[in-house]
Amino acid sequence: PLHICDLAGWIGGAALVTQRRWLRTLSYYWGFGLCTQAFFTPIVTQGFGHIKFWLYWVNHMQIVGCAVYDLIVLRYRPSWRDFFAAAGKTFIYAVVLMMPFNWWLSTNYAYTGPSHPNSTTILDALGPWPVRVVWIVLMAAAVLALITLPWVIARWRRAPRRPA
């Protein structure tokens, strides 16, 4: 219940209903930047015929679906300010809140805990805990910056040029 994807599903829905910028920002960055990892390295413990299998995929499709809808239909466009807001909130969630919680209970929410998932993920290549948390933070920041860049460039290219 404390995984970022569990929270992102609720945040995405709340973003669409309320149109609050900070919720839309988290929906975009968590949806595209973080929760899409679930499609590349799924951690599904049940088979095709089990409800948990379907809930996993429906949840992740909902998260990305909310971000896609907000981006295409409602025209959300991130900025560097949104990047810093999302990166800060993500850091607080993952490192300040979840890392001590994970250490205390030997869990692995936000992949910042001392334990490993039961299936192979990118974590396996990042080294032992707690060093891998540094790599997770750097990689997450890079991904969030990367999905900001096209919108910043597009905004810059559309800006009127002043004659010299």
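Residues numbered from 1 in each chain as written. Predicted model: local features only at pLDDT ≥ 70, side-chain atom pairs only at ≥ 80, totals over all residues. Heavy atoms only, no water.

J.: Before we move on, could you go through the pattern of salt bridges and cite the residues and values that matter?
T.: Summed over all chains, the structure comprises 2 salt bridges. A salt bridge links Asp82 to Arg21, with the nearest nitrogen and oxygen atoms 2.4 Å apart. Here Asp82, found in helix H5 (residues 80-105), pairs with Arg21, found in helix H2 (residues 21-34); they are 61 residues apart in sequence, far enough to count as distant. On the basis of relative accessibility, which here comes to 7%, the residue Asp82 falls in the buried class. Under the relative-accessibility criterion, Arg21 is labelled partly exposed at 39%. In this structure, the salt-bridge partner of Asp70 is Arg24, at a minimum N-O distance of 2.8 Å. In this pair, Asp70 is assigned in helix H4 (residues 51-72) and Arg24 in helix H2, connecting sequence segments 46 residues apart. Overall, the relative accessible area of 1% leaves Asp70 in the buried class. (Salt bridge = Lys/Arg side-chain N within 4 Å of Asp/Glu carboxyl O. Helix = DSSP H or I, 4+ residues; strand = E, 2+ residues; numbered from the N terminus. Buried < 20%, exposed > 50% of the residue type's maximum accessible area, 1.4 Å probe, protein only.)

J.: So what about unusual backbone geometry? Which residues, and what values?
T.: Here the residue pair Trp129 and Pro130 is connected by a cis peptide bond, since its omega of 5° sits within 30 degrees of zero. With respect to the secondary-structure elements, Pro130 resides in the loop between H5 and helix H6 (131-146). For Ser106, which is not glycine, the phi torsion reads 55° and is therefore positive. By the secondary structure assignment, Ser106 is in the loop between H5 and H6. In this model, Tyr111 sits at a positive phi of 60°, which is unusual for a non-glycine residue. Here Tyr111 shows up in the loop between H5 and H6.

J.: Report on H6, specifying residues and quantitative values.
T.: Taking 1.5 Å per residue, 16 residues should reach 22 Å; H6 reaches 23 Å between its end C-alpha atoms and fits that length. Buried residues along H6 sit against H2 and H5. (Expected span 1.5 Å × (residues − 1). Contact = heavy atoms within 4.5 Å.)

J.: Could you give me a rundown of the packing of aromatic side chains, with the residues and numbers involved?
T.: For the coordinates displayed, the defined rule picks out 14 aromatic pairs. Residues Tyr28 and Tyr29 carry aromatic rings whose centres are separated by 5.0 Å and whose planes lie at 90° to one another, so their mutual orientation is edge-to-face. Accessibility assignment for this pair places Tyr28 and Tyr29 in one class, buried. With a centroid separation of 5.0 Å and an interplanar angle of 65°, the aromatic rings of Phe48 and Trp54 are classed as edge-to-face. Classification of Trp54 by relative accessible area gives partly exposed; the value is 39%. Members of the aromatic cluster, joined through ring pairs, are Phe39, Phe48, Phe53, Trp54, Tyr56 and Trp57. (Phe/Tyr/Trp six-rings, centres within 6.5 Å; stacked < 30°, edge-to-face > 60°.)

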